[in-house]
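Structure at a glance
In case you want the letters, here they are:
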Amino acid sequence: MAELTELNYARWLHSPKVSEEDKALIRKMKGKEKDDAFYCDIAFGTAGMRGILGPGTNRMNSFTVKKASVAFAKFILSRDEKNAEKGIVISHDNRYFSRQFTLEAARLFNEMGIKSYIFDALRPTPELSFAVRYLHAAGGVMITASHNPKEYNGYKVYDEEGCQLTPTKIAPLLEILLDLPDELSVEPEMAAVPGESVLLTEEVDDAYVRAVESIAIRKNLNKKGFKIVYTPQHGASLENARRVFHDLGYEFIPVTSQCTHDPDFGGTLSPNPENADAYIEPLKVAKANRAPFIVMTDPDGDRCGVAYLSSKGTYERFSGNQSAALLLDYILMSRKEMGTLPVDGVVYDTVVSSDLARKVAAGYDVKVESFLTGFKYIGDRIHHYEELGRGPTFLFGYEESYGCLISPFVRDKDGLQAILMYAEMALYYHLKGIPLDVAYENLEMRFGYHHTGAESIYFEGSSGKEDMERMMEKAHLSELRELAGLRAIRKDDYVSLVSTDLLTGEKKPLTLDRTSLVKYYLEDTSWIALRPSGTEPKSKFYVEAVGETPDGLEEKAKKIVLSFKKAIGVR
């Protein structure tokens, strides 16, 4: 690793293509920073690539974006010769260099003979997915680092269905990437006839907003006096959200300090709905306006966070699992009451999502299918049944990380659909005089008490990568019999694709894609899982503690995580 770091460092430092400004930054790099910037090529996985902005092989910059764009163009052309005319849609969020990377990608696609579609300014990820489908394009690119801090940017790729590519589908692209020269040497194969560059009009915005508005279930609820505080966290969903709330008659109060498209995220301590710091300013606005409900979208608009005025007079937050379970119950209940709940309905979630939503679905006789983490699997499953011409009717899809989808005209998480339906749900309970904490308590009284948690461990640089690989290897090789005093009854290993009954020794095949994921099921139906991130140098523990009462569940979840960490040698 150290040798590769030095080779890459020297190659960049002596290249005439690297600016003097970047070379000055490179010379200042020492130790861990230098190692992390140059020890490898920036990872390109099924979720694309994401990393810190700056010079280096393991950084987001014009050179790594160029290589990714050339590879994606070659991939698109290899799939169908008509794809050049169908084109690639490109969008971006508010981050540093997002517009520059967008224009660079469009130029490269054009040079390789492919039509490119770009917006006049930033647009959210779900609208990019929608636009690919609406324009019948061959693919899409979203320049974003989602909810990461301001130092990051990223590059996500989409197929003709507006869906991120599953491992099988992206494998040819990864082979193309491996065959290309390094990021400083790669050049596009110039087409005899360059592709056209098309600036998209408001037609796509209008079509997307109309589609979102069409998902409302109880459109005639009395909205007078019900105030909603909304923040886009400086991101790309503000304009669309404003239109949806206005068109449907909601009283919408923006967090103005977070409504500028500021790449520094100057009005927020965190743009991530998973973090308490993201709610500091929205809570101030809610308290000042006596608003009972807060919603937010992350910078690229695919995730949604929720906070509310509780029965105790305090503002509380829902986790992604909690909000999804309550929203799913609201949707299924409403559709059942209105006679629009199909007999073949299906809900999609992931293997690290809470069991509560599955129990909710079962309560309405709705089938659930669980997939690996990554909304691409949900989008791909929707497309699978469409191609088949038969199959269950999609009702809801979600991940625990604050992302959900209500209607499949988008094939990724859709924060705009989410904030609309969360607002409708909150209004429905408000009109009944039921605070959301009481509504959630009622839900758990029906289906049992669940406490979920997630904890990440970061592994920076070459040594960190090796540490993470060792930890995951130990997790895969271990066969634990007990965690926090609870008997382990089953282990699912997605590297070997084997599910082991730890009581009988019986082994069964797992049917999902091979990936680095381990999940243990405990005797009281609690569980814990561990997987490395596909876009960041971290591994994440997921845990759910289950009980007949809520008492002690949070502490129980912590003990399960600590016990698992100890068993696999994590200090």
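Scroll up to find the structure this text is about.
Reading guide: rules and limits
All residue numbers refer to position in the chain's written sequence, counted from 1. Given that this is a predicted model, residues contribute local features only at a pLDDT of at least 70 and side-chain atom pairs are listed and counted only at 80 or more, while totals for whole chains, interfaces and linings are drawn from all residues. Computation of side-chain values: all heavy atoms of the structure, hydrogens and water removed. Here a strand is any run of E in DSSP of at least two residues, a helix any run of H or I of at least four, and the numbering for each starts at the N terminus. With C-alpha atoms as the basis for the radius of gyration, the globule rule is written as 2.2 Å multiplied by the number of residues raised to the power 0.38. With a 1.4 Å probe rolled over the protein chains alone, any residue whose accessible area is under 20% of its type maximum counts as buried; one over 50% counts as exposed, and the rest are partly exposed. Only heavy atoms enter the contact rule, under which two residues are in contact if any of them lie within 4.5 Å. Accessible surface area values rest on a Shrake-Rupley calculation with a 1.4 Å probe, where residue burial reflects the displayed protein chains alone. Note on geometry: axes are C-alpha line fits, over the in-contact stretch for helices, and angles between N-to-C directions span 0 to 180 degrees. Throughout this description, any angle smaller than 35 degrees is read as roughly parallel, any larger than 145 degrees as roughly antiparallel, any in the 65 to 115 degree range as roughly perpendicular, and the remainder as oblique. By definition, turning the near helix anticlockwise from the far helix through less than a right angle yields a left-handed crossing, and turning it clockwise yields a right-handed one. Each residue gets one of three labels, nonpolar for Ala, Val, Leu, Ile, Met, Phe, Trp, Tyr, Cys and Pro, charged for Asp, Glu, Lys and Arg, and polar for the others, Gly among them. Residues adjacent in sequence count toward polar contacts only when both atoms are side-chain atoms; beyond that, a polar contact is any pair of N or O atoms within 3.5 Å, and within protein one must be able to donate a hydrogen and the other to accept it. Criterion used throughout: strands pair if DSSP finds at least two bridges between them. Only buried Ala, Val, Leu, Ile, Met, Phe, Trp, Tyr and Cys residues count toward a nonpolar core, and they belong to the same one when joined by side-chain atoms within 4.5 Å. Any Phe, Tyr or Trp ring, taking Trp's six-membered ring, that has another such ring centre within 6.5 Å forms a pair; planes under 30 degrees apart are called stacked, those over 60 apart edge-to-face, and the others tilted. Starting at the helix axis, one direction is taken to each C-beta atom, and the arc is that of these directions.

Here we look at the overall build of the protein chain
Scanning the protein chain for helices and strands turns up 18 helices and 23 strands. Since a compact globule built from 571 residues should have a radius of gyration of about 25 Å, the 24 Å found for the protein chain is in line with a globular shape. Seen through its C-alpha atoms, the protein chain measures out along the principal axes to roughly 65 × 55 × 50 Å. Burial statistics for the protein chain: of 571 residues in total, 60% are counted as buried. The contacts in the protein chain between residues at least 6 apart in sequence include a share of 69% that link residues at least 24 apart. A total accessible area of about 23,000 Å² is found for the protein chain, and carbon and sulfur atoms account for 52% of it.

Points about unusual backbone geometry
The phi angle at Q233 is positive, at roughly 55°, despite the residue not being glycine. Note that Q233 resides in the loop between strand 7 (227-231) and helix 10 (238-247).

Some points on the packing of helix 9 (residues 202-213) against helix 10
Relative orientation of the contacting elements helix 9 and helix 10 amounts to 50°, with a least axis distance of 10 Å. One finds that helix 9 runs oblique with respect to helix 10. Of the two possible hands of crossing, helix 9 and helix 10 adopt the one that is right-handed. Residues D205, D206, Y208, V209, V212 and E213 of helix 9 form the contact with helix 10, whose own contacting residues are N240, R243, V244 and D247. Its residues assigned to classes, the contact of helix 9 with helix 10 comprises four nonpolar, one polar and five charged.

Observations regarding the side chain of K156
Structurally, K156 can be placed in strand 5 (residues 152-158). Within the structure, the side chain of K156 is placed 3.4 Å from the side chain of D300, a separation counted as a polar contact. Residues in contact with K156, not counting those within four places in the same chain, are A47, G48, T125, G140, V141, M142, T144, Q164, D300 and D302.

Regarding the pairing of strand 19 (residues 498-501)
The pairing of strand 18 (residues 486-493) with strand 19 spans four bridges and is antiparallel. Bridged to K491 within strand 19 is T500. Here strand 18 folds back onto strand 19, and the loop between the two strands holds four residues, one of which, L497, carries a positive phi near 55°. With three bridges joining them, strand 19 and strand 20 (residues 507-509) adopt antiparallel strand pairing. Within the sheet, the bridge partner assigned to V498 lies in strand 20 and is P509.

Overview of the side chain of Q233
The exposure class assigned to Q233 is buried, which follows from its relative accessible area of 0%. Not counting chain neighbours up to four residues away, the residues in contact with Q233 comprise Q258, F265, T268, S270, P271, A278, M296, T297 and P299.

Comments concerning the nonpolar core
Ranked by internal contacts, the top residues of the largest apolar core, which has 98 residues, are F245, F293, F396 and Y422. With twelve residues, helix 15 (residues 415-431) is the largest single contributor of residues to this core. When neighbours within four sequence positions are excluded, Y422 is seen to be in contact with F293, V295, C304, V306, S323, A324, L327 and C404. Judged by nonpolar contacts, the second largest core, of 36 residues, contains A71, A106, I143 and V186.

Considerations on the sheet that holds strand 12 (residues 345-350)
The strands making up a sheet associate through hydrogen bonds between their backbones, and the pairing can be parallel or antiparallel. What the four strands build is an open sheet, ordered 13-12-14-15; its pairing is mixed. One side of each edge strand has no neighbouring strand; the edge strands of this open sheet are strand 13 (367-371) and strand 15 (403-405). Each adjacent strand pair in this sheet contributes to an overall mean axis angle of 15°, direction not counted. Direction of pairing for strand 14 (residues 393-399) relative to strand 15: antiparallel, over a ladder of three bridges. Bridged to G397 within strand 15 is L405.

Thoughts on the packing of aromatic side chains
Under the definition given, this model contains 23 aromatic pairs. Measuring from ring centre to ring centre gives 6.1 Å for F72 and F75, while their planes differ by 25°; the resulting arrangement is stacked. Pair noted here: F72 and F75 are both in helix 4 (residues 62-79), with a separation of three residues, about one helical turn. Under the relative-accessibility criterion, F72 is labelled buried at 0%. A network of ring pairs unites the aromatic residues Y9, W12, F38 and F63 as a single cluster.

Comments concerning the sheet that holds strand 2 (residues 88-92)
Strand order across the open sheet formed by six strands is 1-5-4-2-3-6, with mixed pairing between neighbours. Strands at the two margins of the open sheet, each flanked by one partner only, are strand 1 (49-52) and strand 6 (197-199). Direction aside, the axes of adjacent strands within the sheet are offset by 15° on average. For strand 3 (residues 116-118) and strand 6, the ladder comprises three bridges, and the chain directions are parallel. Bridge assignment links I118 to a residue of strand 6, and that residue is L199.

Looking at helix 13 (residues 355-363)
Within the sequence span of helix 13, burial applies to D355, L356, A357, R358, V360 and A361. Backbone nitrogen of L356 and a side-chain oxygen of the N-cap are separated by 3.0 Å at the start of helix 13; the cap is S354. A positive backbone phi angle near 60° is found at D365, which sits one or two residues after helix 13.

Remarks on the environment of I88
With respect to the helices and strands, I88 occurs in strand 2. By relative accessible area, which is 0% here, I88 ends up buried. Note: C-alpha distance between I88 and H246 (158 residues apart in sequence) is 32 Å. In this view, I88 contacts F72, I76, F109, I114, K115, S116, Y117, G139, G140 and V141; residues no more than four positions away in its chain are not counted.

Here we look at helix 11 (residues 280-289)
The α-helix advances 3.6 residues per turn, and as a result positions three or four apart in sequence lie on the same side. Those residues of helix 11 not exposed but buried are P282, V285 and A286. On an axial view of helix 11, the arc spanned by its buried residues comes to 100°, and they lie on one face. Among the exposed residues of helix 11, those pointing more than 90 degrees away from its buried face are K287 and A288. In the core, the buried residues of helix 11 are packed alongside strand 7, strand 8 (251-254), strand 9 (293-297) and strand 11 (315-317). One or two residues past the end of helix 11 sits R290, with phi positive at roughly 50°.

Some details on the pairing of strand 9
Sheet faces and side chains relate simply in a regular strand, where the side chains alternate between the two faces. Burial analysis of strand 9 places five of its five residues in the buried class, the great majority of the element. Burial along strand 9 is two-sided: the face carrying F293, V295 and T297 and the face carrying I294 and M296 are both buried. Here four bridges tie strand 7 to strand 9, and the two strands are oriented parallel to one another. Note on strand 9: the bridge partner recorded for V229 is I294.

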